[in-house]
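Residue-level structure breakdown
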Amino acid sequence: MSWGAPDTEPTRLALLRHGQTPLSVERRFAGRGDVPLTEEGHAQARASARRLVGWGIDAVVSSPLLRTRQTAGYTADLLGLTVEEDAGFVETDFGAWEGLTFAEARERDPEGIDRWLADPEAGPPGGESFAEVARRVGEATDALLERHRGRRVLVVSHVTPIKVTVQRALLAPIGALYRMHLDTACLTEVDCYADGPRVVRSLNDTAHLRGSAGPARDR
């Protein structure tokens, strides 16, 4: 989608996944449940903030959920910025599967899990499909680019919205969402040019977490 005349300096999105939570430790579906960061999650958020200080961030945007707002707050405080909440970057609504492990969800709803894995248009009972999330995140991203053209914007979000942003930049099919992994508190960078092209600069970068407990490989 074209949203302006060609430019030479892109709008740079630094996409930060929130820090560790109790549900991510146990690899449970964590969608709209408003869970806080763990102690390790706060440490990850502080490490992310220390790294981002030198990135020239102009604005901080966050999903409205607690775990993202807590994560975003560390960087915003160091930079003297306010956190702009944007519901378009909230995590997938996992409906009836919220709080379950994958194994628990499969045991309760094997056919539903199979449909979800095979078809991005299929969602959990009472929840959102990945295709619905992709449309929502796409609209939110286009609106953000209109608001912050030419700036460096930190977007603190969740697994699915970050994957969607990468998938759209690569012009990949939506099935590519099933082929990406994102650690807690990882950074991903996408450059967005006003005449349409988007370029992925990095994916699942956890260099700032080395030297403590390291990246937490959880959902």
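Everything below is about the structure printed above this text.
As a starting point, this report considers the structure included with it. (Residues numbered from 1 in each chain as written. Predicted model: local features only at pLDDT ≥ 70, side-chain atom pairs only at ≥ 80, totals over all residues. Heavy atoms only, no water.)

Here the focus is the overall build of the protein chain. Across its full length, the protein chain holds 7 helices and 6 strands. Helices (α) and strands (β) of the protein chain occur, in sequence order from the N terminus, as β-α-α-β-α-β-α-α-α-β-α-β-β. Taking 17 Å as the expected radius of gyration for a compact globule of 219 residues, we find that the protein chain reaches 17 Å, a close match to that expectation. Judged by the C-alpha coordinates and their principal axes, the protein chain covers about 50 × 40 × 25 Å. Counting across all 219 residues of the protein chain, residues that qualify as buried make up 54%. Across the protein chain, every contact between residues at least 6 apart in sequence was considered, and the portion connecting residues at least 24 apart equals 72%. Entry remark: accessible area of the protein chain is about 9500 Å², with carbon and sulfur atoms responsible for 50%. Across the protein chain, the 27 positively charged side chains and the 32 negatively charged ones have centroids separated by 4 Å. (Helix = DSSP H or I, 4+ residues; strand = E, 2+ residues; numbered from the N terminus. Rg over C-alpha atoms; globule rule 2.2 N^0.38 Å. Buried < 20%, exposed > 50% of the residue type's maximum accessible area, 1.4 Å probe, protein only. Contact = heavy atoms within 4.5 Å. Areas by Shrake-Rupley, 256 points an atom, 1.4 Å probe, with all protein chains shown as cover. Lys, Arg positive; Asp, Glu negative; His and termini not counted. Charge placed at Lys NZ, Arg CZ, Asp CG, Glu CD.)

Turning our attention to the sheet that holds strand β3 (residues 83-85). Pairing within the open sheet is mixed, and its 6 strands lie in the order β3-β2-β4-β1-β5-β6. The open sheet terminates on both sides in strands that have one partner only, identified here as β3 and β6 (198-205). Averaged over all pairs of adjacent strands, the angle between their axes in this sheet comes to 20°, without regard to strand direction. Sheet analysis places strand β2 (residues 59-62) next to β3, joined by 3 bridges and oriented parallel. Within β3, the position partnered with Ser 62 by the bridge is Glu 85. Helix α2 (residues 39-52) contacts β1 (11-17), β4 (152-157), β5 (187-192) and β6 of the sheet and is inclined by roughly 160° relative to β1. (Pairing = 2+ DSSP bridges. Axes fitted to C-alpha atoms, helices over the stretch in contact; angles between N-to-C directions.)

In this section: helix α5 (residues 110-118). Note on helix geometry: an α-helix contains 3.6 residues per turn, so any two residues three or four positions apart are oriented the same way. Of the residues making up α5, those classed as buried are Gly 112, Ile 113 and Trp 116. Down the axis of α5, the sector holding all buried residues measures 100°, keeping them to one side. α5 presents Glu 111 and Ala 118 as exposed residues on the side facing more than 90 degrees away from its buried surface. (Arc of directions from axis to C-beta.)

Okay, the packing of helix α6 (residues 130-147) against helix α7 (residues 159-169) next. Across the interface, α6 lies against α7 with an axial gap of 9 Å and an inter-helix angle of 75°. With respect to each other, α6 and α7 are oriented roughly perpendicular. Contacts from Phe 130, Val 133, Ala 134, Val 137, Gly 138, Thr 141 and Asp 142 of α6 reach α7 at Thr 160, Pro 161, Val 164, Thr 165 and Arg 168. Looking at side-chain class alone, the contact of α6 with α7 contains 6 nonpolar, 4 polar and 2 charged residues. (Parallel < 35°, antiparallel > 145°, perpendicular 65-115°, else oblique. Nonpolar A, V, L, I, M, F, W, Y, C, P; charged D, E, K, R; others polar.)

Turning our attention to the packing of aromatic side chains. Per the stated rule, a full pass over the model turns up 6 aromatic pairs. Where Phe 29 meets Phe 94, the ring centres are 5.0 Å apart and the plane angle is 55°; that geometry is what we call tilted. One end of the pair, Phe 29, is in the loop between α1 (22-25) and α2; the other, Phe 94, is in the loop between β3 and α4 (102-108), with 65 residues separating them in the sequence. Judged by centre distance (5.6 Å) and plane angle (70°), the ring pair of Phe 29 and Trp 116 falls under edge-to-face. In this pair, Phe 29 is assigned in the loop between α1 and α2 and Trp 116 in helix α5, connecting sequence segments 87 residues apart. Judged on exposure class, the residue Phe 29 and its partner Trp 116 are both buried. (Phe/Tyr/Trp six-rings, centres within 6.5 Å; stacked < 30°, edge-to-face > 60°.)

Looking now at the pattern of salt bridges. Once their charged atoms are close, side chains differing in charge can pair, the charge on each being opposite to the other. One pass over the structure, following the stated rule, counts 14 salt bridges. As a salt-bridge pair, Glu 128 and Arg 32 come within 2.8 Å of each other at their nearest N and O atoms. Taken as a pair, Glu 128 in the loop between α5 and α6 and Arg 32 in the loop between α1 and α2 lie far apart in primary sequence, 96 residues in all. Exposure remark for Glu 128: the relative accessible area of 13% places this residue in the buried category. (Salt bridge = Lys/Arg side-chain N within 4 Å of Asp/Glu carboxyl O.)

Here we take up the pairing of β2. Every second residue of β2 is oriented toward a common face, with Ala 59 and Val 61 on one face and Val 60 and Ser 62 on the other, all of them buried. For β2 and β4, the ladder comprises 4 bridges, and the chain directions are parallel. Its bridge partner being in β4, Val 60 is matched across the sheet by Leu 154. Once you follow β2 into helix α3 (residues 66-79) and on to β3, the crossover reads as right-handed. (Right-handed = clockwise from strand over helix to strand, strands pointing away.)

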